[in-house]
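The primary structure of each chain is shown beneath.
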Amino acid sequence: MNQNYLFMSPLIERLAQPVFFSRVVAMTLRALSALIVLSSLTIFFKVGKLTFELPANRVLGGFLFEVFFVLAVYSAVHVLLIRARDVEALKSPESYAIAVAALLLKLAGEAYCAFVGLMAIGGGLFVWFTNQELGNVLGALVRALFPGIGDDPSFMGGIELMAGGVLIGLAVLVFSYAASQALSLLLRPARNGAQAHASADLNQSYRSRFGAG
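Described in the following lines is the structure provided in the data block.

Calculation rules
- Residues numbered from 1 in each chain as written.
- Predicted model: local features only at pLDDT ≥ 70, side-chain atom pairs only at ≥ 80, totals over all residues.
- Heavy atoms only, no water.
- Helix = DSSP H or I, 4+ residues; strand = E, 2+ residues; numbered from the N terminus.
- Buried < 20%, exposed > 50% of the residue type's maximum accessible area, 1.4 Å probe, protein only.
- Patch = residues over 30% accessible without salt bridge, like charges linked within 9 Å, V, L, I, M, F, W, Y side chains within 5 Å.
- Areas by Shrake-Rupley, 256 points an atom, 1.4 Å probe, with all protein chains shown as cover.
- Salt bridge = Lys/Arg side-chain N within 4 Å of Asp/Glu carboxyl O.
- Axes fitted to C-alpha atoms, helices over the stretch in contact; angles between N-to-C directions.
- Parallel < 35°, antiparallel > 145°, perpendicular 65-115°, else oblique.
- Nonpolar A, V, L, I, M, F, W, Y, C, P; charged D, E, K, R; others polar.

**Focus: unusual backbone geometry**
Here's step 1: Backbone geometry places Asn131, a non-glycine residue, at a positive phi of 55°.
Here's step 2: Checked against the element boundaries, Asn131 lands in the loop between helix H4 (96-130) and helix H5 (140-143).
Here's step 3: A relative accessible area of 43% places Asn131 in the partly exposed class.

Now the structure itself:
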């Protein structure tokens, strides 16, 4: 069989190159950010339609939710673009996959915390002003980002949504950073070995130059 038609073999060889691997991950993150923006339009227009159907004294709830929803999507997308740039700029030729994974762990926590925190605040305001459940405007996938928080369309339900969402976001952020740092510890032996090797070369050069025994 002609090897020119077997594209997986050269692709795997390219993925073993740190620069190419980092670039593929960075491009994937950028594509994901565009997908998030497009998919968020569904919720945006759904809330907009619902807002126009609300009584005049409840319209403010839908408007405020729209504002916080836009901020949440923007924050998550911005984090993705920043981390995509960081991944592309990585300089870890020996342990590049671990370095990328450590950055992706941070990215997951940062994007989740920003999105869920802002959505929780906007959702709480939506519940307060409209007396409706947040599940009425969120899809199943987005609603799943708020585990353990019920759909209580009351004042206390809005407070629970705000406090619970912010706390869950912070907890995930702390965990993701801790996991990222733990993973980064795997890079230290390689770095220490490289530094020791460089130090040995320097000492050998010094001895050769000055005739030390």
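**Quick word on a nonpolar patch on the surface**
Here's step 1: Side chains of Leu60, Phe63, Val67 and Leu71 sit close together on the surface and give an oily, nonpolar patch of about 350 Å² of accessible area.
Here's step 2: Along the chain, Phe63 falls in helix H3 (residues 59-88).
Here's step 3: Its relative accessible area of 51% is what places Phe63 among the exposed residues.

**Concerning the packing of H3 against H4**
Here's step 1: With their axes 7 Å apart at the nearest point, H3 and H4 run at an angle of 175° to one another. If you check the angle between H3 and H4, you find them roughly antiparallel.
Here's step 2: Of the residues that constitute the contact of H3 with H4, the class distribution is 24 nonpolar, six polar and four charged.

**Here's the deal with the pattern of salt bridges**
Here's step 1: Within this structure, the stated rule accounts for three salt bridges.
Here's step 2: Linking Arg83 and Asp86 is a salt bridge whose minimum nitrogen-to-oxygen distance equals 3.0 Å. In this pair, Arg83 and Asp86 both sit in helix H3, three residues apart, roughly one turn of the helix.
Here's step 3: One salt bridge in this structure joins Arg83 and Glu110, with 2.6 Å as the shortest N-O distance. Of this pair, Arg83 sits in helix H3 while Glu110 sits in helix H4, placing them 27 residues apart in sequence. Each member of the pair, Arg83 as well as Glu110, carries the same accessibility label: buried.
Here's step 4: Connected through shared salt-bridge partners, Arg83, Asp86 and Glu110 make up one network.

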